[in-house]
Structures are given as structure tokens and as C-alpha cells.
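# Report on the structure
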Amino acid sequence: MQDFTKIAKEVFDLESNAILGLKSFVGEEFNAVILKILNLKGRLVISGMGKSGHIGAKIAATLASTGTPSFFMHPAEALHGDLGMLTCEDALLAISNSGESEEILRLIPSIKARQIPLIAMSGKAHSTLAKESDYFLNVSVVQEACPLQLAPTSSTTATLAMGDAIAVALMRARNFKPEDFALFHPGGSLGRKLLTRVRDVMVSENLPLVMPNTPFKELIAEMTSKKLGVCLVVEQSKLLGIITDGDLRRALSAEKFNALACEIMTKNPKTISSNAMATEAESLMLEYKIKELIVQDGECLVGIVQLYEIGRV
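These numbers come from a predicted model, not from an experiment. (Residues numbered from 1 in each chain as written. Predicted model: local features only at pLDDT ≥ 70, side-chain atom pairs only at ≥ 80, totals over all residues. Heavy atoms only, no water.)

### Comments concerning the layout of surface pockets
What the largest pocket holds in volume is close to 390 Å³. If you list the elements that add at least two residues to the lining of the largest pocket, you get strand E8 (238-244), helix H13 (245-253), strand E9 (266-267) and strand E11 (292-297). (1 Å grid on protein atoms, 1.4 Å probe; cavity = no way out; pocket = protein on both sides within 12 Å on 5 of 7 lines; lining within 4 Å. Points joined across faces, edges and corners; volume = space filled by probe spheres on them. Helix = DSSP H or I, 4+ residues; strand = E, 2+ residues; numbered from the N terminus.)

Structure below.
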């Protein structure tokens, strides 16, 4: 039986080399493209035919979800009316590995007549598309992974990587934050988590509260009845500490059956504001290897948030 893993590794080598080769092409022209996109009043419209079109659609989706208004326009449809999608405040990013795709080239006269900036992404620096463009991004590769050197493989990978480089550069320039990302992804689990605040998932009623002098037996009863796996030790509405089910087990192992709450509690427990993002609470709990965080607004105890509940978001 033929070992196909060798072929897979060869493809990975060829395509990774294709991406690394792009580093030599990135210079002032790339900076100029980023500045042009940043200063657009309209959208960055992306067009490409065939495999380049599929890559272009993915690049447009990445840009749109990371703060750069963008959409994909099929060049054949554009020739039959969809060019009306473009305004004079937009820019067109045209993708063609050969730089000679007929459908793309036929768009150029209309683009020029309307003075819409044209950014070309091609593997041929001397192609018609490259020469007619206002900005040119070189995505040429030494070798396709396809053994026939016919199917776009290394070249599409390189083009996709250049698109990602554009998207990330724009994100950095705009100081795009996780909260911004969440606003564009409200339907996904990641978006929901990034939009969720501690107050949305915390337990705020019927909290397990005990006094510093609460006996061991009563601690067990309080923790069991409230079903949160913790007790909060308070005095005159001031938080003194926390007792977890782990603290109780350790006390039982040490036969501290007559211990008071203040003797087994953890002082100065970790707290978080109810207005904090749920992701911040999750990070804190993972960092300190705890399953609960006490929620405090100023000196006011308002609830408990559990790692389990955040995981359900």
C-alpha cells in the first residue's frame, strides 16, 4: 500500500514555503494598500474568478467580520449589472493569479472611468491586471503543490495568507477589540460569550451566607441547601472569606468537626465586578484554578459566578 502521508508532507512543505516567500514581496506597496483601505469612506469590494473567487469571498468575509466593510462581487455578474454595487467611495481588490482573467480585465475600463481605486493581487508582476492597477500585491509562488502544476494549490494558499495579512494589519490599525468582534458575531457561541457580562450569568439570589462563628455542621447544611458548592463568610454585610467544598473535605479529613467558619475559610478571595465581561471572569478562574468567583460592586456583595455557567454561554 502506498504511503500517502509522504505526499501530504510534501504538500505542506510546498505550501508553507509559498507563504514564507511572500515576506520578500511585502514592503511600501503593502503599507500604501493598508492606508488606502483605512481611509476609504466606502467598502473594499473584492472580485475574482474561479478559485481566486472562492479565496476572495473568504477574504471579504474575514474583513467584514473584523471591522472593514467588505463584500464579494462575482466578476461575471458584475459585467451584467452588479457593477452598480460599486460606488465612487469604494475600492476594488481584484484577484487573479495569472493577471489575465478575461472577466476581471473587462471590469477595468468601467473602474477607471469612475475613478475607483484598483488594487490587484496577482502572481504575475508584469500581467495586464498588475500594470493597470493603482496598487499591486505580489502573491507569486515558485511551485504549485499540484503535481501537474495545473490546479491552484500553493498559489491559492499564498493569496489567502496575503488576505489574512491585510485583515490583521487593519485590525491592529483600528485597535479592533474582542468586544468589537462580538458585535459582528452575535449568533455564534463565541459572540455570545464575548457579549455576555458577569451580571448575566451570576447567581444573585438565595446566596449561601454564613457568619464567622458559624459551626461546622451548619456550614455543611448551608452549602448543601444552596447547591453552589461554596459558602461566603460575611459580617455586617462585609465579605471576610469563602469556604469551598474542598475546604470542607480537608477539614473533615483533619477531623476538625468543631471548627468555625472563620477557622477554615480562605481570606481575601478573588472577586469581580458584575459589569465585567464573562470572558474576564473565565480567564481569572482558569488562571487561579478556581470554579467560583465572588461578584462585588464596590463593597457590596451582589452574587457568585461559576465557571460552569460561563461554559454554557
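So that's the structure; there's more coming.
### A look at the pattern of salt bridges
Scanning all chains against the criterion turns up five salt bridges. One salt bridge in this structure joins lysine 226 and glutamate 222, with 2.7 Å as the shortest N-O distance. Note that lysine 226 and glutamate 222 are positioned in helix H12 (residues 216-226) at a spacing of four residues, about one turn of the helix. One exposure class covers both lysine 226 and glutamate 222, and it is buried. Of the charged contacts, one joins arginine 250 and aspartate 247 as a salt bridge, the two residues approaching to 2.7 Å between their closest N and O atoms. Highlighted residues: arginine 250 and aspartate 247, both in helix H13, separated by three residues, approximately one helical turn. (Salt bridge = Lys/Arg side-chain N within 4 Å of Asp/Glu carboxyl O. Buried < 20%, exposed > 50% of the residue type's maximum accessible area, 1.4 Å probe, protein only.)

### Here we look at helix H3 (residues 51-65)
Compared with the 21 Å implied by 1.5 Å per residue over 15 residues, the 22 Å span of H3 between its first and last C-alpha is a close match. One or two residues past the end of H3 sits glycine 67, with phi positive at roughly 100°. (Expected span 1.5 Å × (residues − 1).)

### Regarding the sheet that holds strand E7 (residues 230-235)
Strand order across the open sheet formed by four strands is E6-E7-E8-E9, with mixed pairing between neighbours. The sheet terminates laterally at strand E6 (209-210) and E9, the two strands that pair on one side only. Here H12 sits on the sheet in contact with E6, E7 and E8, set at roughly 120° to E7. (Pairing = 2+ DSSP bridges. Contact = heavy atoms within 4.5 Å. Axes fitted to C-alpha atoms, helices over the stretch in contact; angles between N-to-C directions.)

### Quick word on the packing of H12 against H13
For the pair H12 and H13, interaxial distance at closest approach is 11 Å and the crossing angle is 145°. For H12 against H13, the interelement crossing comes out left-handed. The segment H12 lies against H13, with Phe216, Leu219, Ile220 and Met223 engaging Asp245, Leu248, Ala251 and Leu252. Here the residues of the contact of H12 with H13 are counted per class, giving seven nonpolar, no polar and one charged. (Left-handed = near helix turned anticlockwise from the far one by under 90°. Nonpolar A, V, L, I, M, F, W, Y, C, P; charged D, E, K, R; others polar.)

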